[in-house]
Every structure is written in C-alpha cells, then in structure tokens.
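# An overview of the molecular structure
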Amino acid sequence: MTDLSTPQPIVSAKGQVAFADETWSIDPKELQIFFQAEAVFWTANRTLKQWRHLLACSRLLTARLQPGDGKGGRLVGTTRVWSDQAYEAKLYDVVTAKDMMGLGIATTLVEWSLRHPGVGDVQRFVLETRDAMNLYTRFGFKRSEELETVHMRVDAAELHERGLRQ
Ligand SMILES: CC(C)(COP(=O)(O)OP(=O)(O)OC[C@H]1O[C@@H](n2cnc3c(N)ncnc32)[C@H](O)[C@@H]1OP(=O)(O)O)[C@@H](O)C(=O)NCCC(=O)NCCS
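Described in the following lines is the structure provided in the data block. (Residues numbered from 1 in each chain as written. Predicted model: local features only at pLDDT ≥ 70, side-chain atom pairs only at ≥ 80, totals over all residues. Heavy atoms only, no water.)

### Quick look at the layout of surface pockets
Taken as a whole, the largest pocket holds about 1200 Å³ of empty space. Forming the boundary of the largest pocket are 36 residues, of which Phe41, Trp42, Val94, Glu128 and Thr129 lie nearest the centre. For the lining of the largest pocket, the elements supplying multiple residues, two or more each, are strand 5 (88-96), helix 3 (105-115) and helix 4 (133-137). Here the lining of the largest pocket takes 7 residues from strand 5, the largest share from any one element. Here the residues of the lining of the largest pocket are counted per class, giving 19 nonpolar, 6 polar and 11 charged. Space inside the second largest pocket adds up to approximately 890 Å³. (1 Å grid on protein atoms, 1.4 Å probe; cavity = no way out; pocket = protein on both sides within 12 Å on 5 of 7 lines; lining within 4 Å. Points joined across faces, edges and corners; volume = space filled by probe spheres on them. Helix = DSSP H or I, 4+ residues; strand = E, 2+ residues; numbered from the N terminus. Nonpolar A, V, L, I, M, F, W, Y, C, P; charged D, E, K, R; others polar.)

### Brief notes about the site of the ligand
The immediate surroundings of the ligand are formed by 19 residues, with Val94, Gly102, Gly104, Thr107 and Arg138 found nearest. Between an oxygen atom of the ligand and a side-chain N or O atom of Thr107, the distance comes to 2.5 Å. One of the side-chain N or O atoms of Arg138 is found 2.7 Å from an oxygen atom in the ligand. When the free accessible area of the ligand is taken as 860 Å², the share hidden by the protein chains comes to 69%. A molecule is said to occupy a pocket when more than half its atoms come within 2 Å of that pocket's grid points, and by this definition the ligand occupies the largest pocket. For the shell around the ligand, the secondary-structure elements that each account for two or more residues are strand 5, helix 3 and helix 4. (Near = heavy atom within 4 Å. Polar contact = N/O pair within 3.5 Å; in protein donor to acceptor, adjacent residues only side chain to side chain. Areas by Shrake-Rupley, 256 points an atom, 1.4 Å probe, with all protein chains shown as cover. Sits in = over half its atoms within 2 Å of the grid points.)

What follows is the structure, encoded as structure tokens:
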C-alpha cells in the first residue's frame, strides 16, 4: 500500500523542523542561495535554469525550521529524488544546514524519499557520495565494490572531446 504520510516534525532547541514536498512550490532562487550558503561542493555553480530543469524531473523534499506561527520558515535541509518509476531511483542533493546537523534531518529526508509515492514502483535506489557513507548504510545501501556489477560513467565534457556530443 502506498504510504502518503509526511514525516513527523523534529523538535530541536532552535524550534520545530517540519518536512514538506516543495517540488512545485519552492523558488529556485531560494535553493540556489541555500546551496551557495552551505558551500556544497557539487552545486557551487548550479544556475537557476539548471534548478528549474531539476525540479521539473525530480522531487524536492525539504526541511524548514519553523517560526512561532508554524508557516514557512528557513530552509535547513533538502533531498532530491529522481525516478524512472519502474526500475531505478536516484538520490541527490542531500544537504543539511551546518547549524542544524546531527538532529536527524538528513536521515528523515532520505527515509521519506525511499517510500515517497512519487518514486513509483522501482527495483532499486542508487546514489553517489564522497564521505557520507554512514548516513546511507543504515538503510541498506552498499558500496559498489560489494556489488556484483560495476558503476560506470562518462562526463559530458569528455563526450564533447570525443565528438559524441556538441
Ligand atoms: C551528510 C549530511 C547531509 C548529514 O546531515 P544531518 O542532518 O546532520 O544527518 P543526520 O543528523 O540525519 O545524521 C545521520 C548520520 O549521518 C552521518 N553523518 C552525518 N554527517 C556526516 C558527515 N558530514 N560525513 C559523514 N557522515 C555523516 C552520521 O553517521 C549520522 O549518524 P549518527 O546519527 O549515528 O551520528 C550533512 O552533514 C551535510 O549536509 N553535509 C554536507 C553535504 C553532503 O556531504 N551531503 C551528502 C551528499 S551524498
């Protein structure tokens, strides 16, 4: 059965952290500012146009530190999930604001993305990480050297050099 529930808020010393699917409501400018402020290495130069494309083809799950009236609030966490709906889903942009780390925000967002109805009926989830393995092994993710297949990739820039892309 599909689980449509949004995660319960996390209560922290700074206030309540609420979770939402903001795929269609978030301003890409706010995302750009958040990622620049958090100095996330893989999105330093991501443009607003790129953010709009990413939001059009994947789901953006957020965490916000809510003010007293419970509306809106500062963006403090994101996870983006892309899915082909039948075979594979991939997690991207798992980020927590530096001053809000260690509260379980990323764990909650990743856990939610794994059961999010927008992902459809896939057979597996994948992701890439440099040093946050501990966050994912608790959900069963394994490093590629533990798997029976190898992960291969080529960057668009190399394809361009090879004349395979303009
Ligand atoms: C990795 C990150 C998203 C974790 O966010 P968080 O909200 O603090 O995570 P949680 O509070 O849910 O912690 C979950 C676990 O992740 C692990 N973890 C947290 N931060 C980590 C980090 N920087 N590196 C490695 N593991 C980390 C811890 O083992 C923690 O387990 P614990 O609860 O037993 O201590 C956050 O540190 C971050 O935004 N880092 C910069 C961006 C990044 O590297 N993202 C991951 C891309 S794959």
